[in-house]
Amino acid sequence: MAGSLRKPTLDSCPYSSSDTDDEGVRGTCEDASICKRFAVSIGYWNDPYIQHLVRLSKERKAPEINRGYFARVHGISQLIKAFLQKTECHCQIINLGAGMDTTFWILKDQDLLPSKYFEVDFPVIVTRKLHSIKFKPLLSKPILELHSEDTLQIDGYTLDSKRYAVIGADLRDLSELEEKLKKCNMDTQLPTLLITECVLVYMTPEQSANLIKWAASVFGTAMFINYEQVNMDDRFGQIMIENLRRRQCDLAGVETCKSLDSQVAVCVQYRTPGNPRRKVKERLLANGWETAAAVNMMELYSRLPQTEVSRIESLEFLDELELLEQLMRHYCLCWATKGGSELGLTEITF
Ligand SMILES: C[S@@+](CC[C@H](N)C(=O)[O-])C[C@H]1O[C@@H](n2cnc3c(N)ncnc32)[C@H](O)[C@@H]1O
């Protein structure tokens, strides 16, 4: 099958840079957001905000890529909404490595905002996002509406407002991260949802374990959502890794993406359909998380509402379904909880 593969390009690095490894990692923001923007432009899901943050690619993205992004966005959004429902929005969300993510605006439109929504990314990415927010009223107005003052506090690398903060920081520097979040009024007593959407794989296993451990130690009641690669040990995974390396982007954390077992190295105990409660010696357990679950994206896709799946499958013709399956089997969604059983956080499932 490897011969018929289209080049795996989900979140690949568009830049070739001799600068530092981080340049390639930062480039993945562009790639992910351009793919999302393209899928939105042809109707996969509705997001009126992304066009104000990301340019439209001239190049068409392959249908399996668009369906992959649809499942990813749908899956994460479903878990976010479950958390908001359980906590009745009396909570905070911290999106780590958020890039050009638009969830804040979408939740506001749906009247589902948490007490405060935080985003963190490299300062250079944050500067770009803040520039768009500053000059696009569709982005700045909703933030100002919720803010008690007329002006927003924006410096080069940080925006802080009553309900939304964007922070420039390196996720590998945990004391800096915590200090900046606290400066923006992060409340460690509130139930907190942390999201890493295709982010941990760009850190070494040790760095991502430290981040996971930090999250579990700081919040008493929390949930962690992680989306990233899996099954990277096979031919398809190897092609993906090689393509990225050629473009100066190293998947430093690929060690944990070799199989569902090693991937759920982020999880303590995971449930898959044929494997209801398989316990694995996991990274999250070792680092303070109490329960966890994981599903590969093909499983998740098969559990999406059929009307939605039929709608998006009618948008573009996909001749080789195998391409979709191959791609989807190389990504997974994991979620874990700590505390919160009284709120029903441990019941959240896909
Ligand atoms: C593949 S992009 C995903 C962006 C966004 N989560 C999404 O799915 O649309 C990975 C993001 O993680 C950020 N990132 C990776 N490592 C980081 C680090 N050490 N500190 C801060 N941000 C980081 C990158 O800058 C980039 O925006």
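For clarity, every value in this text was computed on a predicted model and none was experimentally measured. (Residues numbered from 1 in each chain as written. Predicted model: local features only at pLDDT ≥ 70, side-chain atom pairs only at ≥ 80, totals over all residues. Heavy atoms only, no water.)

**Section: the overall build of the chain**
- From N to C terminus, the chain includes 13 helices and 11 strands.
- In the chain, which comprises 350 residues, the proportion classed as buried is 59%.
- Contacts spanning at least 24 positions in sequence make up 72% of the contacts within the chain whose residues lie at least 6 apart.
- When the accessible surface of the chain is split by element, carbon and sulfur atoms take 49% of a total near 14,800 Å². (Helix = DSSP H or I, 4+ residues; strand = E, 2+ residues; numbered from the N terminus. Buried < 20%, exposed > 50% of the residue type's maximum accessible area, 1.4 Å probe, protein only. Contact = heavy atoms within 4.5 Å. Areas by Shrake-Rupley, 256 points an atom, 1.4 Å probe, with all protein chains shown as cover.)

**Considering the site of the ligand**
- In the vicinity of the ligand lie 22 residues, with Lys36, Arg72, Gly97, Asp121 and Leu171 positioned nearest.
- In this structure, Lys36 approaches the ligand through a side-chain N or O atom, which is 2.9 Å from an oxygen atom.
- Considering the ligand on its own, with 590 Å² of exposed area, one finds that the protein chains cover 99% of that surface.
- Looking at the shell around the ligand element by element, the count peaks at 6 residues for helix α1 (residues 21-41).
- Here the shell around the ligand is built from residues that sort into 11 nonpolar, 3 polar and 8 charged. (Near = heavy atom within 4 Å. Polar contact = N/O pair within 3.5 Å; in protein donor to acceptor, adjacent residues only side chain to side chain. Nonpolar A, V, L, I, M, F, W, Y, C, P; charged D, E, K, R; others polar.)

**Side note on the UniProt feature "binding site: S-adenosyl-L-methionine" (unreviewed entry) in the chain**
- In this numbering, the UniProt entry assigns the feature "binding site: S-adenosyl-L-methionine" (unreviewed entry) to Arg72, Gly97, Asp170, Leu171 and Glu197.
- Within the element layout of this structure, Gly97 appears in the loop between β1 (92-96) and α3 (103-109).
- Setting aside chain neighbours within four positions, we find Gly97 in contact with Val120, Asp121, Leu171 and Val199.
- Excluding residues within four positions of it along the chain, Glu197 makes contact with Lys36, Arg72, Ile76, Leu96, Asp101 and Tyr227.
- Within the structure, Glu197 has its side chain in polar contact with the side chain of Lys36 (distance 2.8 Å). (UniProt positions renumbered as here; feature names shortened; annotations may be inferred.)

**Overview of helix α7 (residues 205-218)**
- End to end, α7 covers 20 Å across 14 residues, agreeing with the expected 20 Å (1.5 Å per residue, within 8%).
- When we look at burial in α7, the residues that qualify are Ser208, Ala209, Leu211, Ile212, Trp214, Ala215, Ala216 and Val218.
- Those residues of α7 that are buried are in contact with β1, α6 (174-183), β6 (192-197), β7 (222-229), α10 (283-286) and β11 (331-338). (Expected span 1.5 Å × (residues − 1).)

**Structural notes on the nonpolar core**
- Within the largest apolar cluster, 79 residues are counted, with the highest numbers of intra-cluster contacts made by Ile80, Trp105, Tyr164, Ile225, Tyr301, Leu333 and Trp335.
- It is helix α2 (residues 63-87) that contributes the most residues to this core, 10 residues altogether.
- Not counting residues up to four positions away in its chain, the partners in contact with Ile80 are Ile93, Thr103, Leu107, Leu193, Ile195 and Ile225.
- Core analysis: the second largest hydrophobic core is formed by 30 residues, Leu174, Leu181, Ala292 and Ala336 among them. (Core = buried A, V, L, I, M, F, W, Y, C linked by side-chain atoms within 4.5 Å.)

**Thoughts on the environment of Thr87**
- Tracing the backbone shows Thr87 in helix α2.
- For Thr87, a relative accessible area of 5% gives the class buried.
- Beyond its immediate stretch of four places on either side in the chain, Thr87 contacts Pro191, Leu343 and Leu345.

**Details of the packing of aromatic side chains**
- Under the definition given, this model contains 9 aromatic pairs.
- Aromatic pair Phe224 and Trp289: ring centres 5.6 Å apart, planes at 75 degrees, arrangement edge-to-face. Within this pair, whereas Phe224 is found in strand β7, its partner Trp289 is found in the loop between α10 and β10 (291-296), the two being separated by 65 residues in sequence. Of the two residues examined, Phe224 and Trp289, each falls in the buried class.
- Each ring, one from Tyr227 and one from Tyr331, has its centre 5.5 Å from the other, and the planes form 10 degrees; the classification is stacked. Taken together, the residues Tyr227 in strand β7 and Tyr331 in strand β11 connect sequence positions 104 residues apart. (Phe/Tyr/Trp six-rings, centres within 6.5 Å; stacked < 30°, edge-to-face > 60°.)

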